Amino acid sequence: MTMWTSPRGPAVLVIEPMGNAGRFLVEAADRLGVRLYAATHEEVHDGYPDWLRTALAGVCATDLTDTARALEDMAAFCRQHAVAGIAACFELFTPLAALLARRVGLPGNDPRLAHAARNKILMGEAFAAAGIPAPRWAVAHDVAEAHRVAREGPDGLGWPLVVKPAEQGGSWGVSVVEGPDGLADAVEAAQRFTHAQPHGLALDPRVLLQEYVAGEEYSCDTVVAGGVAYPMPVVRKDTTKGRYRVETGHTCPSGLSARLVAQVRHTAARAALAVGVRDGIAHTEVKIPPGSRTPHVIETGARLPGDSLCEVVEAATGVSEAVAYLQAVLGLVPDTVPSRADAAAIRFLLPESGGVLRRVDIPGLPGTHSEVSLRPGDAVPEPSDSTCRVGHVVARAGTADRARALADRVVARSRVEVG
Ligand SMILES: Nc1ncnc2c1ncn2[C@@H]1O[C@H](COP(=O)(O)OP(=O)(O)OP(=O)(O)O)[C@@H](O)[C@H]1O
Ligand SMILES: [Mg+2]
């Protein structure tokens, strides 16, 4: 692992470190002796938790929704603080990070392709251009057009199909639609948010309709340094079934055969390169249709994974994706060789319906630790996207089956009461 002995190690500017992966970046910077700076909005910085505020060496306050101004402010900040690497934590700002890196002459992603890692319509085009297996798709501006494009072509997209916003994350506004009757509601849900909070970034209002890919779901991250892809472990992803596909958990290793693991890693690396990742990391989600050996890419983002996957992968393999990401943006060779072959699983506690949280109890079992994200008295959103999580449990064990079973046992013994 590369370490700097100077107390003033190299500096990395993170465009919005708030969010799930932020704490893993902070921890990785600490391990590497990297000074971490944040670029954000003044009012967003006011809401930072203490652990983040105190971990930062400084803050570049700007308006991230105004590309010209943000680039001007951040470039000046980079010169002033001798910044040696640019990172992004928020998917929607990954194109901005690519533009900044190019402007200040630091390692970064291809700015001409970077929007494809944020916008799922451009992503579909990039995958098609690179010949990457992915669901067929169509674009709609409104409900009438959605009905039309769902029917078009020799077979249409077929039913069920998936409706999702062109730009969003956290499963917000994503619906699996069984037939034409559900289309209007799904398009409305996908278009509900015109701006992403907390920055107020305007979103592409178009809606994507995708062919439904059946089968199990997996994710695989790819660190890319100097254009060379370093595939990370494959993780199995579990979600709710039905209209809303909210993550219920992840397990590493995935349980796939060595051959399929290699196939998923290869496909994920191709997807990362197709959306212009050159010095950074990508989180790619795939589904493998039953009976098929071809992973179909659902999406890829040029960022660290959310859902505490950094913790799950490191517990299972000893590889810190956040350390590897910082190394990649600093132009170094990333440490991606596993140092152990254990297993870990995370399970999320989801409510059965929305309301007010009355009570949450997560029992502690050996080999597990848990975190509560909502407190009694807090509003619990409907279980239609990942904001409804009440907490999570991480279990570590020698095998994936044992880690999953342990995490499931904790969830089964937990109590979530919503009134
Ligand atoms: N074409 C598809 N076929 C089958 N399932 C899909 C498809 N598209 C999305 N899904 C399901 O919906 C989930 C959320 O969709 P997607 O990943 O596109 O949205 P997101 O908001 O970026 O999600 P997140 O940030 O939670 O990963 C996927 O993980 C998958 O389970
Ligand atoms: Mg996703």
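Let us look at the structure shown here.

Definitions and cut-offs
Residues numbered from 1 in each chain as written. Chains lettered and ligands numbered in written order. Predicted model: local features only at pLDDT ≥ 70, side-chain atom pairs only at ≥ 80, totals over all residues. Heavy atoms only, no water. Helix = DSSP H or I, 4+ residues; strand = E, 2+ residues; numbered from the N terminus. Rg over C-alpha atoms; globule rule 2.2 N^0.38 Å. Buried < 20%, exposed > 50% of the residue type's maximum accessible area, 1.4 Å probe, protein only. Contact = heavy atoms within 4.5 Å. Areas by Shrake-Rupley, 256 points an atom, 1.4 Å probe, with all protein chains shown as cover. Lys, Arg positive; Asp, Glu negative; His and termini not counted. Charge placed at Lys NZ, Arg CZ, Asp CG, Glu CD. Pairing = 2+ DSSP bridges. Axes fitted to C-alpha atoms, helices over the stretch in contact; angles between N-to-C directions. Polar contact = N/O pair within 3.5 Å; in protein donor to acceptor, adjacent residues only side chain to side chain. Donors = N, O, S within 2.8 Å, 3.2 Å for Na, K, Ca; no water. Near = heavy atom within 4 Å. Nonpolar A, V, L, I, M, F, W, Y, C, P; charged D, E, K, R; others polar.

Thoughts on the overall build of the protein
Then comes step 1: Scanning the protein from N- to C-terminus turns up 12 helices and 21 strands.
Then comes step 2: Taken over the C-alpha trace, the protein has a radius of gyration of 21 Å; the compact-globule value for 419 residues is 22 Å, and the two agree within 12%.
Then comes step 3: Projected onto its principal axes, the C-alpha coordinates of the protein cover approximately 60 × 50 × 45 Å.
Then comes step 4: Looking at the 419 residues of the protein, the share that counts as buried comes to 55%.
Then comes step 5: Summarising the internal contacts of the protein: among those between residues at least 6 apart in sequence, 67% fall at separations of at least 24.
Then comes step 6: Here the protein displays about 17,300 Å² of accessible surface, and carbon together with sulfur accounts for 51% of that area.
Then comes step 7: If the 42 positive side-chain charges of the protein are averaged to one point and the 48 negative ones to another, these points end up 5 Å apart.

A few points about the sheet that holds strand β15 (residues 296-301)
Then comes step 1: The antiparallel open sheet is built from eight strands, whose spatial order is β15-β14-β11-β12-β13-β16-β20-β18. Every other strand in the sheet has two partners, leaving β15 and β18 (368-372) as the edge strands with one partner each. When strand polarity is set aside, the average angle formed by the axes of neighbouring strands in this sheet is 20°.
Then comes step 2: In terms of strand pairing, strand β14 (residues 280-288) meets β15 through five bridges, oriented antiparallel. Following the sheet pairing, Lys287 is matched in β15 by His296.
Then comes step 3: Its contacts with the sheet place helix α9 (residues 258-274) against β11 (216-225), β12 (228-239), β14 and β15, and it is angled at close to 55° to β11.
Then comes step 4: Against the sheet, helix α12 (residues 400-413) makes contact with β12, β13 (247-252), β16 (343-349), β18 and β20 (391-397), and its axis sits at roughly 25° relative to β16, the strand it touches most.

As for the environment of Glu91
Then comes step 1: Within the fold, Glu91 resides in the loop between β4 (83-88) and α5 (94-104).
Then comes step 2: Residue classification places Glu91 among the buried residues on the basis of a relative accessible area of 11%.
Then comes step 3: A sequence separation of 113 residues divides Glu91 from Asp204, and the C-alpha atoms of the two residues are 14 Å apart.
Then comes step 4: With residues near it in sequence (within four places) discarded, Glu91 still touches Ala117, Arg118, Gln168, Glu299, Gly301 and Arg303.
Then comes step 5: Within the local environment of Glu91, its side chain forms a polar contact with the side chain of Arg303, the two groups lying 2.7 Å apart.

As for the side chain of Glu314
Then comes step 1: Tracing the sequence through the fold places Glu314 in helix α10 (residues 309-317).
Then comes step 2: Side-chain polar atoms of Glu314 contact the side chain of Arg31, separated by 3.0 Å.
Then comes step 3: Setting aside chain neighbours within four positions, we find Glu314 in contact with Arg31, Val319, Ser320 and Arg340.

Points about the coordination of the magnesium ion (ligand 2)
Then comes step 1: At 1.9 to 2.0 Å from the magnesium ion (ligand 2) lie its protein donor atoms, namely Glu285 (OE) and Glu299 (OE). Of this pair, Glu285 sits in strand β14 while Glu299 sits in strand β15, and the two are 14 residues apart along the sequence. The same class applies to Glu285 as to Glu299, namely buried.

Re the site of ligand 1
Then comes step 1: Neighbouring ligand 1 are 23 residues; Lys120, Lys164, Gly170, Ser171 and Glu217 lie closest to it.
Then comes step 2: Between a nitrogen atom of ligand 1 and a main-chain N or O atom of Glu211, the distance comes to 2.9 Å.
Then comes step 3: Taking Val213, its main chain carries an N or O atom lying 2.9 Å from a nitrogen atom of ligand 1.
Then comes step 4: Protein contact buries 97% of the 600 Å² of open area that ligand 1 shows by itself.
Then comes step 5: For the shell around ligand 1, the secondary structure elements donating two or more residues are β6 (161-165), β10 (207-211), β12, β14 and β15.
Then comes step 6: Residue composition of the shell around ligand 1, grouped by class: seven nonpolar, six polar and 10 charged.

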